[in-house]
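As a plain string of letters, each chain reads:
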Amino acid sequence: MKYDKKELLKEKIQHIDIKKFNSIPLIESFDNMAFQSRNLAKACKIYDTMIKDKDCTIVLCLAGSLVSGGLKKIIIDLIEHNMIDIIVSTGAIVVDQDFFEGLGFNHYRGFVNADDNQLRELMIDRIYDTFIDEGDLRVCDMTTKKIADSMNPGVYSSREFIYDMGKYLDKNGKNPESFVLEAYKNEVPIFCPAFSDSSAGFGLVFHQTEKKEHVSIDSVKDFKELTELKVKSKETGLLMIGGGVPKNFVQDTVVAADILGVDVPMHKYAVQLTVADERDGALSGSTLKEANSWGKVDSGFEQMVFGEATVTFPLLASYAHHKGSWKDRKAKRLNTLLK
Ligand SMILES: NC(=O)c1ccc[n+]([C@@H]2O[C@H](COP(=O)([O-])OP(=O)(O)OC[C@H]3O[C@@H](n4cnc5c(N)ncnc54)[C@H](O)[C@@H]3O)[C@@H](O)[C@H]2O)c1
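These lines cover the structure that appears in this document, whether it is placed above or below. (Residues numbered from 1 in each chain as written. Predicted model: local features only at pLDDT ≥ 70, side-chain atom pairs only at ≥ 80, totals over all residues. Heavy atoms only, no water.)

## What about the packing of helix H3 (residues 35–52) against helix H15 (residues 309–323)?
What counts is decided by this rule: Each axis is a line fitted through C-alpha atoms, taken for helices only over the stretch in contact, and angles between the N-to-C directions span 0 to 180 degrees. Each helix corresponds to a stretch of at least 4 residues labelled H or I by DSSP, and each strand to a stretch of at least 2 residues labelled E; elements are numbered beginning at the N terminus. With respect to orientation, any angle under 35 degrees is reported as roughly parallel, any angle over 145 as roughly antiparallel, any angle of 65 to 115 as roughly perpendicular, and every other angle as oblique. With the far helix as reference, a near helix turned anticlockwise by less than a right angle produces a left-handed crossing, and one turned clockwise produces a right-handed crossing. The contact criterion used is simple: two residues touch if any of their non-hydrogen atoms lie within 4.5 Å. Classification convention: Asp, Glu, Lys, Arg as charged; Ala, Val, Leu, Ile, Met, Phe, Trp, Tyr, Cys, Pro as nonpolar; all other residues, Gly among them, as polar.
Contact pair H3 / H15: the axes reach a minimum separation of 9 Å and the direction vectors enclose 45°. Between H3 and H15, the crossing angle belongs to the class labelled oblique. The interaxial crossing formed by H3 with H15 has right-handed handedness. On the side of H3, the interface is formed by Leu40, Ala43, Cys44, Lys45, Tyr47, Asp48 and Ile51, while H15 contributes Thr312, Leu315, Leu316, Tyr319, Ala320 and Lys323. Across the contact of H3 with H15, the residue classes break down as nine nonpolar, one polar and three charged.

## Regarding the site of the ligand
We apply this condition: One heavy atom within 4 Å of a molecule or strand makes the whole residue count as near it. Residues adjacent in sequence count toward polar contacts only when both atoms are side-chain atoms; beyond that, a polar contact is any pair of N or O atoms within 3.5 Å, and within protein one must be able to donate a hydrogen and the other to accept it. Shrake-Rupley sampling with a 1.4 Å probe provides the accessible areas, and residues are treated as covered by the protein chains on show and by no other component.
For the ligand, the set of nearby residues contains 20 residues, the closest of which are Gly64, Ala92, Asp197, Glu308 and Ala309. Taking glycine 243, its main chain carries an N or O atom lying 3.4 Å from an oxygen atom of the ligand. Bound to the protein, the ligand loses 68% of the 810 Å² it would expose on its own. Sorting elements by how many residues they give to the shell around the ligand places helix H5 (residues 91–102) first, with four residues. Here the shell around the ligand is composed, by residue class, of six nonpolar, 11 polar and three charged.

## Notes on the sheet that holds strand S3 (residues 108–109)
This is how the line gets drawn: Pairing between two strands requires that DSSP report at least two bridges joining them.
Spatial strand order, S3-S5-S4: three strands in an open sheet with antiparallel pairing. Where the open sheet ends on each side, the last strands, each with one partner, are S3 and strand S4 (124–127). Against the sheet, helix H7 (residues 134–150) engages S4 and strand S5 (130–133), with an angle of about 60° to S5.

## Considering the sheet that holds strand S10 (residues 269–274)
Ordered by their spatial adjacency, six strands build an open sheet running S7-S2-S1-S9-S10-S11, and the pairing between neighbours is parallel. Strand pairing shows two members of the sheet lacking a second neighbour, strand S7 (190–191) and strand S11 (302–306), which therefore form its edges. Docked against the sheet, H3 engages strand S1 (56–62), strand S9 (235–241), S10 and S11, running at close to 140° with respect to S11. This element, helix H4 (residues 72–80), spans S1, strand S2 (86–89) and S9 of the sheet and lies at about 165° to S1.

## Concerning the pattern of salt bridges
Note the following rule: The salt bridge criterion pairs a side-chain nitrogen of Lys or Arg with a carboxyl oxygen of Asp or Glu, the two atoms within 4 Å. When a residue's accessible area, from a 1.4 Å probe over protein chains only, is under 20% of the maximum for its type it is buried; when over 50% it is exposed; and in between it is partly exposed.
Under the defined criterion, the tally for this structure stands at 22 salt bridges. A salt bridge links lysine 10 to glutamate 7, with the shortest nitrogen-to-oxygen separation between them at 3.2 Å. Residues lysine 72 and glutamate 101 are paired through a salt bridge, measuring 2.7 Å at the closest nitrogen-oxygen approach. Taken together, the positions of lysine 72 in helix H4 and glutamate 101 in helix H5 put the pair 29 residues apart, joining distant regions of the chain. Neither lysine 72 nor glutamate 101 differs from the other in exposure class; each is buried. Here the salt bridges do not stand alone but share partners, grouping Asp17, Lys19 and Asp77 into one network.

## So, the environment of leucine 229
In this structure, leucine 229 sits in helix H11 (residues 219–232). The spatial distance from the C-alpha of leucine 229 to the C-alpha of isoleucine 86 is 9.1 Å, given a sequence separation of 143 residues. Setting aside chain neighbours within four positions, we find leucine 229 in contact with Ile86, Pro189, Phe191, Leu334, Leu337 and Leu338.

## A short note on the environment of leucine 8
Mapped onto the elements of the fold, leucine 8 is located in helix H1 (residues 5–8). C-alpha separation for the pair leucine 8 and isoleucine 84, spaced 76 residues apart in sequence, amounts to 36 Å. If near-sequence neighbours (up to four positions away) are discounted, leucine 8 is found in contact with Tyr3, Tyr108, Arg109, Phe111, Leu119, Leu122, Ile124 and Phe131.

## Topic: the pairing of S5
With burial as the criterion, each face of S5 is covered, one bearing Thr130 and Ile132 and the other bearing Phe131 and Asp133. Bridge count for S3 against S5 is two bridges, and the pairing is antiparallel. Across the sheet, residue arginine 109 finds its bridge partner in S5, namely threonine 130. Alignment of S4 against S5, held across four bridges, turns out to be antiparallel. Paired with aspartate 125 across the strands is isoleucine 132, a residue of S5.

## Brief notes about the pairing of S2
Where we set the bar: Clockwise travel from the first strand over the helix to the second, with the strands pointing away from the viewer, marks a crossover as right-handed.
A two-sided burial pattern is seen for S2, the buried positions comprising Ile86 and Val88 on one face and Ile87 and Ser89 on the other. With H4 bridging S1 and the parallel S2, this β-α-β connection has right-handed handedness. With two bridges joining them, S2 and S7 adopt parallel strand pairing. Residue pairing for S7: isoleucine 87 is matched across the bridge by isoleucine 190.

## Topic: the packing of aromatic side chains
Condition: Here the aromatic set is Phe, Tyr and Trp, taking the six-membered ring for Trp, and pairing holds for ring centres within 6.5 Å; pairs whose planes are under 30 degrees apart are stacked, those over 60 apart are edge-to-face, and all others are tilted.
Inspection of the entire model under this criterion finds eight aromatic pairs. Judged by centre distance (6.1 Å) and plane angle (80°), the rings of tyrosine 3 and phenylalanine 111 are edge-to-face. Pair noted here: tyrosine 3 is in the segment before H1 and phenylalanine 111 is in the loop between S3 and helix H6 (116–121), with a separation of 108 residues, a long-range link. A relative accessible area of 31% means that phenylalanine 111 is categorised as partly exposed.

## With respect to the nonpolar core
Selection rule: Throughout, nonpolar core names a set of buried Ala, Val, Leu, Ile, Met, Phe, Trp, Tyr and Cys residues whose side chains join them through atoms within 4.5 Å.
In this structure, Tyr47, Phe179 and Phe313 are the most contacted members of the largest nonpolar core, which totals 73 residues. With eight residues, H3 is the largest single contributor of residues to this core. Other than its neighbours up to four places away in sequence, phenylalanine 179 contacts Leu62, Val67, Ile75, Ile76, Ile79, Ile87, Ile93, Val94, Asp98 and Ile190. With 18 residues, the next largest nonpolar core counts Leu288, Ala291, Met304 and Leu338 among its residues.

Remember, this is a structural readout, not a statement about activity or role.
This is the structure we're talking about:
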């Protein structure tokens, strides 16, 4: 059967709204069960405790295809309701997925058993059961080039560049539902330690090839800024979805501060929702208990939950939202500390 591109790119992925359902009764039942349901209930309680702790700066870490999977609105809600203070993410989530949607493009419902050769011919990219128009992604790449072209040549952290992406969306965006835009408006810093490994990488390669005097992204500057925020925070809590580079980058700020001769506490709270397991010895599945041996995460308020994030994240976020502890929490607007 010959595919029709318009037919394939018809049904948009709809982002789940945690305000429309209350997961508290479900999570409370999970608490009386076993295995990952009980682990998720414990993670929910730890996240609620983080929100209640007035001294705690909350860092949301993101990896995986979370926005294309329908989780964008949750991240926007967490920012809007002061339930997180800093974001550390992969570039794909920030640029290829969220900024992309802010430009007015969409992810579409697809299917797993697709004929990928035909998709390639139609310039449709597939992420498991979702489809993307490659032509739209090329516009996204070139928009990052346009932003770089408009900046003074020099060295920037990804945080500074992403701030300008938010500013761009504020002026030129076609869809106000973007966490890059929401973070810009609320002065929530977003860090992407491997920024070039995304749609922005293509735009920046083009920008640097074309311009002798150009913009460069310095991941050390990111690490320095994030460490500065750790030093300025009394306590920190980590809400990690997926794992990967963002998980280690934020955990390492404790060690970086120590190397600078500043005595900071380990991350007091840590929750990770992931499908990675610990048997391969890699970072993504390494337990938060293990991170204690490295002096990065304190023991007592740490919980791993093994499950896919499109299922676990909405339940956790809805629980914390409906608990309402965020009502007593003030926005920290940490971007303003780095200007
Ligand atoms: N995800 C994409 O579609 C995509 C596209 C272009 C570029 N990239 C780049 O590839 C690099 C790696 O990013 P990545 O997104 O593949 O993450 P990753 O491979 O670094 O993910 C880290 C861990 O998170 C876990 N994880 C991922 N999705 C999950 C989910 N839905 N539920 C539970 N756990 C989950 C994985 O098991 C993995 O162990 C980044 O630099 C990113 O910018 C990713």
